[in-house]
Amino acid sequence: MPKESLIAISIVIIYMVVVNIWIRKRSALKDSSDMDGFAVGGRSFKWYMVMFTILATWYTGSCFTGAFGYAVSFGVFALYDTTQVIAGLVFLYVIGPRIWTWGKVHNLYNLPEFIDLRYRDERLSLVIAIYTILIGFPWTVMAFKTFGYVVYALTYGAIPFNVGMIIAALFILSYSLKGGQKGVVNSDFIQGIVMIFGSMILIVVLAFKLFGGFGPMLQEIALKKPELLVIDDAPYWSSVILVGVIGSYCWMEIFNRMFVARSARELKLSTAGAPILGAGMYIMLLLLGIGSALIPEVVADPESGFLTISKMVGGPFMLGLTGIIILAAEISSTDSGLVTGGIVIANNIVKRIKPDLSEYELVKISRIAIIAEASLAVILAMFELPMLMTLAIFTFEHIVHVFPTAIMGILWKKGNSKAAWAGIAVGLPITIILGLLPDISTNLFGSWAPGVIGLAFNIIVYIIVSLLSKTDEYVVDLFDEVNSKIKADIKAESIEN
């Protein structure tokens, strides 16, 4: 292995070993049957840990590969993601306390369990569980693809792409299997800090070293590649933003983050800095991506562009630091998805078949499912995939169909299971059909994304069926329960202050 490879990979190995030791030390469960600790970390985490955990789960390593490459190729169109981040994280302030309260009172661990509580329809919650696992799985595949990119680049090709993915999988499994969500939150707290602040510093250094700052960089882009500063298709751009905002909390791992906080107040506090830190970092990254379209080596391989310019500017040392940042982002989103998926498979799918399973057995099945998920993702990542951000947009267009059932169900007591089934039955096929027949979609709806069109029909049907139905009494009680608890918390806070 060349000397440059040894320097870069040594920096990453030291970081990963130290972090792994710290995580495993803090993440031991009380016992092997501690399902509450494995599924929601005992609901014990303070606001700052929740905040960085949410950010770390929200941003994947593909932001530094796929999204960066998307900015190189398509310019300011890539900035759609920053808008959805701001709106999505602010929306957490509205729905977070309600979800946390129901979770605490009714011992909920995940999105399907909330669906079961809200609609009292086991078939609906089962379908939501299977659907969200399937539609979220491509992100796990993309994650391991990113691991391969990073390890291959760090070692200057000495460690093969596929071997890099396996190494990353073993690292994640080492603490995820031990502590479940307790291990995930402790990991994501550290990884989130490294990702946000480390990337901000690195991006500024790269911008000034390569272009003399962001101002000169954008001026040069305006002269040499002005097409990258123009959004040609505003409807499609807007629709991608909409599906991103609406779909944000339909991902099971994001929804699960709202259960791990110590209290509803801690969850609300976590929203204070998350939108600013998250959007600020991402805007800087994507602007640098646009500027990097001036560099031929980056244009030749856009998705490796962030690593390429780091190596150009700072050699193996800076490449190692960049590798840490990307791995921190990818590890912290991948572990959340794997563990949440494993728990849902055990607690919401297998348990329906064998309801007499003990907590010890459920934790064991969760661990087996996590290993199976990771193994399958690594195998699939070894094959050729479409451009990563294209795949990401596709998944967002389909996850949004959970929105009326899940998120509207949190805020509106009229919604019922008949409305949820009807909305999905109408809206999802429209999205699929329009996606398969792009010419018809364009002729009927212009460049609005199929996901937005299908979701509109889903919401309309959900509302109409709900209004034509009688409100369920148990739902009224659920809303009274959460409203009373929130009012009591507000009163307690005012007395305390």
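Our structure's up above, just so we're on the same page.
Residues numbered from 1 in each chain as written. Predicted model: local features only at pLDDT ≥ 70, side-chain atom pairs only at ≥ 80, totals over all residues. Heavy atoms only, no water.

A. Seen up close, the overall build of the protein chain. Helix and strand counts for the protein chain come out as 23 helices and 0 strands. For the protein chain, the C-alpha radius of gyration of 22 Å lies close to 23 Å, the compact-globule estimate for 497 residues. Reported as C-alpha extents along the three principal axes, the dimensions of the protein chain are approximately 65 × 60 × 50 Å. Classification of the 497 residues of the protein chain by burial places 59% in the buried group. When contacts within the protein chain are restricted to residue pairs at least 6 apart in sequence, those whose partners lie at least 24 apart make up 87%. Taken together, the 35 basic and 36 acidic charged side chains of the protein chain have centroids lying 8 Å from each other. (Helix = DSSP H or I, 4+ residues; strand = E, 2+ residues; numbered from the N terminus. Rg over C-alpha atoms; globule rule 2.2 N^0.38 Å. Buried < 20%, exposed > 50% of the residue type's maximum accessible area, 1.4 Å probe, protein only. Contact = heavy atoms within 4.5 Å. Lys, Arg positive; Asp, Glu negative; His and termini not counted. Charge placed at Lys NZ, Arg CZ, Asp CG, Glu CD.)

B. Local environment of the side chain of Ser187. Within the secondary structure, Ser187 is located in helix α9 (residues 181-211). Judged by its relative accessible area of 0%, Ser187 falls in the buried class. A polar side-chain atom of Ser187 sits 3.1 Å from a polar atom in the side chain of Tyr175. Every residue in contact with Ser187, bar those within four places of it in the chain, is listed here: Ile23, Tyr175, Ile331 and Asp335. (Polar contact = N/O pair within 3.5 Å; in protein donor to acceptor, adjacent residues only side chain to side chain.)

C. Structural detail: the state of the cysteines. Taken as a whole and judged by the stated rule, the model has 0 disulfides. With no disulfide of its own, Cys63 lies closest to Cys250 among cysteine sulfurs, the gap being 18 Å. (Disulfide = S-S within 2.5 Å.)

D. Fine view of the layout of surface pockets. There is about 360 Å³ of room inside the second largest pocket. Taken together, 17 residues line the second largest pocket, and the ones lying closest to its centre are Glu113, Asp116, Asn347, Asn348 and Lys351. Listed by contribution, the elements that provide at least two residues to the lining of the second largest pocket are α6 (111-119), α7 (122-154), α16 (305-353) and α17 (359-381). Residues belonging to the lining of the second largest pocket are distributed by class as follows: 6 nonpolar, 5 polar and 6 charged. (1 Å grid on protein atoms, 1.4 Å probe; cavity = no way out; pocket = protein on both sides within 12 Å on 5 of 7 lines; lining within 4 Å. Points joined across faces, edges and corners; volume = space filled by probe spheres on them. Nonpolar A, V, L, I, M, F, W, Y, C, P; charged D, E, K, R; others polar.)

E. The arrangement of the packing of aromatic side chains in detail. Going through the model one piece at a time under the given rule, you end up with 17 aromatic pairs. Consider the rings of Phe52 and Phe189, whose centres lie 6.2 Å apart with planes at 70°: the pair is edge-to-face. With a gap of 137 residues between them, Phe52 in helix α3 (residues 47-58) and Phe189 in helix α9 connect regions that are remote in the sequence. On the basis of relative accessibility, which here comes to 7%, the residue Phe52 falls in the buried class. Accessibility expressed as a relative area gives 15% for Phe189, which makes it buried. Cluster of aromatic residues (ring-pair linked, three or more members): Trp47, Tyr48, Phe52, Phe189 and Phe197. Its end group placed over the ring of Tyr474, Arg120 keeps NZ or CZ at 4.0 Å from the ring centre. (Phe/Tyr/Trp six-rings, centres within 6.5 Å; stacked < 30°, edge-to-face > 60°. Lys NZ or Arg CZ within 6 Å of the ring centre and 35° of its normal.)

F. The arrangement of the nonpolar core in detail. In terms of nonpolar packing, the biggest core is built from 163 residues, with Phe64, Phe144, Leu288 and Phe306 touching the most fellow members. With 17 residues, α16 is the largest single contributor of residues to this core. Contact partners of Phe64, with chain neighbours within four places excluded, come to Met195, Ser199, Met281, Leu285, Glu303, Phe306, Ile325, Ile326 and Ala329. (Core = buried A, V, L, I, M, F, W, Y, C linked by side-chain atoms within 4.5 Å.)

G. Region of interest: a nonpolar patch on the surface. Among the surface-exposed residues, Ile166, Leu170, Leu376, Ile379, Leu380, Met382 and Phe383 lie close enough to one another that they form a single nonpolar patch of about 650 Å² accessible area. Sorting the residues of the nonpolar patch by element identifies α8 (161-179) and α17 as the ones contributing at least two each. Inspection of the secondary structure puts Leu376 in helix α17. For Leu376, a relative accessible area of 43% translates into the label partly exposed. (Patch = residues over 30% accessible without salt bridge, like charges linked within 9 Å, V, L, I, M, F, W, Y side chains within 5 Å. Areas by Shrake-Rupley, 256 points an atom, 1.4 Å probe, with all protein chains shown as cover. Salt bridge = Lys/Arg side-chain N within 4 Å of Asp/Glu carboxyl O.)

H. Representation of the side chain of Thr132. Note that Thr132 resides in helix α7. Looking at Thr132, its side chain comes within polar contact range of the main-chain oxygen of Ile128, at 2.6 Å. Beyond its immediate chain neighbours, meaning those up to four positions away, Thr132 contacts Leu111, Cys250, Met252, Ile399 and Val402.

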